[in-house]
Amino acid sequence: MLQICAPLFDNLSGLIKWPLLGALIVLLIPNSKIRLIRSIAFCTSLITFLYSLLFWIQFDNSTAKFQFVETIRWLPYSNINFYIGLDGISLFFVVLTTFLIPICMLVGWSSIQNYKKEYMIAFLVLEAFMIAVFCMLDLLLFYVFFESVLIPMFLIIGVWGSRQRKIRAAYQFFLYTLLGSVFMLLAILLILFQTGTTDLQILLTTEFSERRQILLWIAFFASFAVKVPMVPVHIWLPEAHVEAPTAGSVILAGILLKLGTYGFLRFSIPMFPEATLYFTPFIYTLSVIAIIYTSLTTLRQIDLKKIIAYSSVAHMNFVTIGMFSLNIQGIEGSILLMLSHGLVSSALFLCVGALYDRHKTRLVKYYGGLVSTMPIFSTIFLFFTLANISLPGTSSFIGEFLILVGAFQAAPNVATLAAIGMILGAAYSIWLYNRVVFGNLKPYFIHKFSDLNRREFFMFLPFVIGVVWMGVYPEVFLECMHTYATSVSNLVQHGKFGP
């Protein structure tokens, strides 16, 4: 048995194979043995997380080169290979992915009543696909896994969603994302025909004409903007969040929203630097509009999930401002805020899920006075509400501060307008907390009260530790990103072949 499993732990590809092996084992177990299915799925995801930490421990901070690189032949008569590796940006997204999947297993431990085995398989397959997206160094195979993520997520929303509109939300999510990605596929084919390869490391040293860069940048933008999401292609997100199960919302907010910003940082900015400089004012405009518009929209929402979903749009557009400031502070701040948002927003959706599992409603008007009946929940909800408004000492503060520093160097007016979003964020976050936790109880609507149980408390504990750790000692994370952020900043500002 050890000899069979050894190849799964000797390289980076093992990190992708292990969840797929777990999904296959779960598939072969009879449906009647649900406790065994849950245990194997959870242990598989937990082992994958611990395995991913080994790459963080072994990571060399002194180089911007890709590490743990592997190449496996895929198409024998072409230059397209299964080519994977990690650097200072993809490392933490892989760790974040493997961290959230075991939490999703625990979330559905008792709340999922139908197709329990298939639920576990869907999350294990989704984990393998998302790890592959962040590790892939071949442009065409990145697209393959980028789109493959849609399949298990489509099933998670459509099968285990909470309301009747779940099918509509699943199709809306699928079609929005697929339509935008078609343009990226055409751009990849154009790159393949021009250069003869889709190897990212070769493409980063390939010079495209300015007109060709603009055309390719627009095609990639069409795909990544939907995933961020940017206004006006953000409509699918609140609908998908509201209809998805709690674990689906955690993955949507924690990982899938990062695929768009990761794509900008991995491909659009370093491969097309002249086009990036040309379109930076356009990105600034869309991002500022999105921050202010979605923050104001959040203030008038009555559904708990929609409030957090619209706030996620505002935070992710804050990330794009830092990223396109094209300096070290902005890029590092954007990566850190993405990681922070993956923890804070996911934890807020878990808070909403804890309320929904008990009371079967997400409408704010039915809640009030929970501080007297759910004190542990109220304390944890307060912590993540303060983290969401970037209280100093939390992870979001470090990310937003670095983004504002970087944006102020590049465009002071944009930084000033973006800061308005922080004020509006404090308004809707504190107002939501006040309506849900304080005030009078409403026994006519909600009759039974129970605080967080042991399983739920230990689900929240890793999020609390992560948020405080990133907020108090961010150097552990920033030192891995610094070399990559410096190389990207120099690449754009000095030209692809500059000093």
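See above for the structure.
As the structure is a computational prediction, the values presented were derived from the model and not from experiment.

Time to look at the packing of helix 15 (residues 328–359) against helix 17 (residues 395–410). For any two helices packed against each other, the geometry comes down to the angle between their axes and how far apart the axes lie. At their nearest, the axes of helix 15 and helix 17 sit 7 Å apart, and the two run at 150° to each other. With respect to their mutual orientation, helix 15 and helix 17 come out roughly antiparallel. For the pair helix 15 and helix 17, the sense of crossing is left-handed. Contacts between helix 15 and helix 17 involve Gln 329, Gly 330, Gly 333, Ser 334, Leu 336, Leu 337, Ser 340 and Val 344 from the first element and Ser 395, Ser 396, Ile 398, Gly 399, Glu 400, Leu 402, Ile 403, Val 405, Gly 406 and Gln 409 from the second. Across the contact of helix 15 with helix 17, the residue classes tally to seven nonpolar, ten polar and one charged.

Let's shift gears to a nonpolar patch on the surface. Together, Leu 178, Val 182, Phe 183, Leu 186, Leu 189 and Phe 193 make up a nonpolar patch on the protein surface, roughly 570 Å² of accessible area in all. Assessed through its relative accessible area of 44%, Phe 183 is described here as partly exposed.

Here we come to the nonpolar core. Formed by 177 residues in total, the largest nonpolar core has its most connected members in Phe 123, Phe 220, Ile 251 and Val 436. For Phe 123, the residues in contact, after removing those within four places along its chain, are Ile 101, Cys 104, Met 105, Ile 156, Ala 247, Gly 248 and Ile 251.

Here the focus is helix 17. Here helix 17 contains 16 residues, and its C-alpha end-to-end distance of 23 Å stays within 8% of the 22 Å for a straight helix at 1.5 Å per residue. Within helix 17, burial applies to Ser 395, Ser 396, Ile 398, Gly 399, Glu 400, Leu 402, Ile 403, Gly 406 and Ala 407.

The next point concerns the pattern of salt bridges. Summed over the entire model, instances satisfying the criterion amount to four salt bridges. When the shortest N-O distance is used, the salt bridge between Asp 87 and Arg 266 registers 2.7 Å. A residue pair is termed long-range when its members are at least 10 positions apart, and Asp 87 in the loop between strand 2 (81–86) and helix 4 (90–111) and Arg 266 in helix 12 (residues 246–271) qualify at 179 residues. Comparing Asp 87 with Arg 266 shows no difference in burial state: the two are buried. Here Glu 456 and Arg 358 are joined by a salt bridge, their closest N and O atoms 2.7 Å apart.

With that settled, the discussion passes to the state of the cysteines. Throughout the structure, instances matching the rule amount to zero disulfides. Of all cysteine sulfurs, the one in Cys 351 lies closest to Cys 104, which takes part in no disulfide; the gap is 14 Å. Free of any disulfide, Cys 480 has its nearest neighbouring cysteine sulfur in Cys 135, separated by 15 Å.

Let us look at unusual backbone geometry. Here the amide bond leading from Val 228 into Pro 229 is cis, since omega sits at -10°, within 30 degrees of zero. Looking at where Pro 229 falls in the secondary structure, it is placed in the loop between helix 10 (210–227) and helix 11 (236–243). Val 231 connects to Pro 232 through a cis peptide bond whose omega is 10°. Positive phi values are uncommon outside glycine, yet Phe 68 reaches one of about 55°.

Turning to the environment of Phe 134, a few remarks are in order. Following the sequence through the fold, Phe 134 ends up in helix 5 (residues 116–135). Overall, the relative accessible area of 0% leaves Phe 134 in the buried class. Not counting residues within four places of it along the chain, the set of residues in contact with Phe 134 comprises Gly 85, Ser 90, Phe 93, Val 94, Thr 97, Ile 255, Leu 259 and Tyr 262.

The next subject is the side chain of Asp 87. Residue classification places Asp 87 among the buried positions, given a relative accessible area of 1%. There is a polar contact of 3.0 Å between the side chain of Asp 87 and the side chain of Ser 90. At 2.7 Å, the side chain of Asp 87 forms a polar contact with the side chain of Arg 266. Those residues in contact with Asp 87 that sit more than four places away from it in its chain are Phe 59, Ala 64, Lys 65, Phe 66, Arg 266 and Tyr 484.

Rules and cut-offs
- Throughout, residues of each chain are indexed from 1 in the direction in which the sequence is written.
- In keeping with the model being predicted, local features are shown solely for residues with a pLDDT of at least 70 and side-chain atom pairs are shown and tallied solely at 80 or more, while totals for entire chains, interfaces and linings include all residues.
- Side-chain figures throughout are based on the complete set of non-hydrogen atoms in the structure, without hydrogens or water.
- All axes are obtained by fitting lines to C-alpha atoms, using only the stretch in contact for helices, and the reported angles, taken between N-to-C directions, cover 0 to 180 degrees.
- Strands here are runs of E lasting at least two residues and helices are runs of H or I lasting at least four, both read from the DSSP assignment and numbered beginning at the N terminus.
- An angle below 35 degrees is treated as roughly parallel, one above 145 as roughly antiparallel, one from 65 to 115 as roughly perpendicular, and anything else as oblique.
- Handedness of a crossing is defined here by the sense of rotation of the near helix relative to the far one, left-handed for an anticlockwise turn of less than a right angle and right-handed for a clockwise turn.
- In this analysis, two residues are considered to be in contact whenever any of their non-hydrogen atoms come within 4.5 Å of each other.
- Just so you know the grouping, Ala, Val, Leu, Ile, Met, Phe, Trp, Tyr, Cys and Pro go in nonpolar, Asp, Glu, Lys and Arg go in charged, and all remaining residues, Gly too, go in polar.
- Like-charged residues are merged into a patch within 9 Å and nonpolar side chains (Val, Leu, Ile, Met, Phe, Trp, Tyr) within 5 Å, provided each residue has over 30% relative accessible area and no salt bridge.
- Accessible areas in this description were obtained via Shrake-Rupley with a 1.4 Å probe; residue shielding takes into account the shown protein chains only.
- Here, a salt bridge means any Lys or Arg side-chain nitrogen found within 4 Å of an Asp or Glu carboxyl oxygen.
- Burial classification: accessible surface area is computed with a 1.4 Å probe over protein chains only, and a residue below 20% of its type maximum counts as buried, one above 50% as exposed, and the rest as partly exposed.
- The definition of a nonpolar core used throughout is a set of buried Ala, Val, Leu, Ile, Met, Phe, Trp, Tyr and Cys residues joined through side-chain atoms within 4.5 Å.
- Expected helix span is given by 1.5 Å per residue-to-residue step, counting one fewer step than there are residues.
- The disulfide criterion is simple: two cysteine sulfur atoms within 2.5 Å.
- For this analysis, a polar contact is any N or O atom pair within 3.5 Å, provided that within protein one partner can donate a hydrogen and the other can accept it, and provided that sequence-adjacent residues contribute only side-chain to side-chain pairs.

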